[in-house]
Amino acid sequence: MKQHFPTMAKSALAGFALTIAGFAGMQLSAQAIAGHNSNAPVSYAADRIELQDRQNRVVLSGNVQITQAGLSLNAARTIVNYSDAGNLSIQRIMATGGVNVQRGNERARGDTAVYDFNRRIITMAGNVRLNRGGDTLNGGRLVIDLASGVSSIDGRASGSSGVTGSSTNSEGRVTGTFSVPEN
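Cut-offs applied
Residues numbered from 1 in each chain as written. Predicted model: local features only at pLDDT ≥ 70, side-chain atom pairs only at ≥ 80, totals over all residues. Heavy atoms only, no water. Helix = DSSP H or I, 4+ residues; strand = E, 2+ residues; numbered from the N terminus. Buried < 20%, exposed > 50% of the residue type's maximum accessible area, 1.4 Å probe, protein only. Contact = heavy atoms within 4.5 Å. Core = buried A, V, L, I, M, F, W, Y, C linked by side-chain atoms within 4.5 Å.

Caption draft 1: Expanded view of the environment of Arg103. Positionally, Arg103 belongs in strand 5 (residues 88-103). Taking the C-alpha atoms as reference, Arg103 lies 9.0 Å from Ala69; in sequence the two are 34 residues apart.

In C-alpha cells, the structure reads:
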C-alpha cells in the first residue's frame with residue numbers, strides 16, 4: 001500500500017497541474033477580447049433603429065450587429081446610452097437575446113450583456129459560454145476587464161454588475177473542458 005500512495009499522489013499532482021495549465025490557457029484566451037481598443041469608432045446595423053433623444057439612447061432591434069476594432073457583438077436587441085455634450089459619446093451598450101461577442105478566435109455567448117465604455121468592462125450573464133479553439137468554460141456570469149486584461153467566470157449570474165440572468169447550471173459552478181496536447 002505504501003508503494004501506491006506515492007504513485008497516486010504523483011497522479012493527483014499531475015492532474016492538478018494539467019487543470020492549472022488549462023486555466024492558464026483560458027486566461028490567455030481572455031486576452032484576445034481583453035486587448036480590445038474601446039476608444040475605436042463603433043459601427044452598427046439592425047432591422048430597426050429608434051432614436052430616443054430625450055433619454056439619450058438608441059434602441060436597435062432585430063438582428064443587431066455592432067462592431068468596434070475587430071470586436072463584434074450580435075444580439076436580438078440593444079439599447080445604446082450616450083451623452084450629448086456637443087458631440088455624441090457612447091456610455092453603455094445593453095444587449096439582450098442570444099448575445100454573442102467575438103474577437104479573433106475567442107467567442108463568448110450569454111443571455112444578456114453590458115458593455116460599459118467608461119469602466120471598460122464587458123459583463124455577460126445567463127448561460128455564459130466562453131470558447132477558444134477546443135477550450136470551453138461555462139458559467140452564469142463572465143466579466144471582461146478591458147483595462148486590466150483580467151477575465152473571470154462565476155457559477156451564478158449574480159453580483160453588483162447590474163447584469164443578471166438564469167444559469168442552466170443549478171449548482172452554480174463553473175464547468176468546462178480543456179484540450180490537452182498530444183505527445
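Caption draft 2: Region of interest: the environment of Thr78. With respect to the helices and strands, the residue Thr78 is situated in strand 4 (residues 71-84). With a relative accessible area of 0%, Thr78 lands in the buried category. When the C-alpha atoms of Thr78 and Ile93 are compared, they prove to be 6.6 Å apart, with 15 residues separating the residues in sequence. Discounting residues that sit within four places of it in the chain, Thr78 has contacts with Val58, Val59, Leu60, Val64, Ile66, Leu73, Ile93, Met94 and Ala95.

Caption draft 3: Molecular detail of the nonpolar core. By size, the foremost hydrophobic cluster in this structure holds 26 residues, and its most contacted members are Leu73, Val99, Tyr115, Ile122, Met124 and Leu142. Elements represented by at least two residues in this core include exactly strand 3 (57-68), strand 4, strand 5, strand 6 (106-116), strand 7 (121-132) and strand 8 (135-145). Per-element accounting of this core gives the leading share, five residues, to strand 4. With residues near it in sequence (within four places) discarded, Leu142 still touches Ala108, Ile122, Thr123, Met124, Val128, Leu130, Ser152 and Ile153.

Caption draft 4: Inspection of unusual backbone geometry at higher detail. Unlike most non-glycine residues, Asn63 shows phi in positive territory, near 55°. Positionally, Asn63 belongs in strand 3. The exposure class of Asn63 is exposed, given its relative accessible area of 54%.

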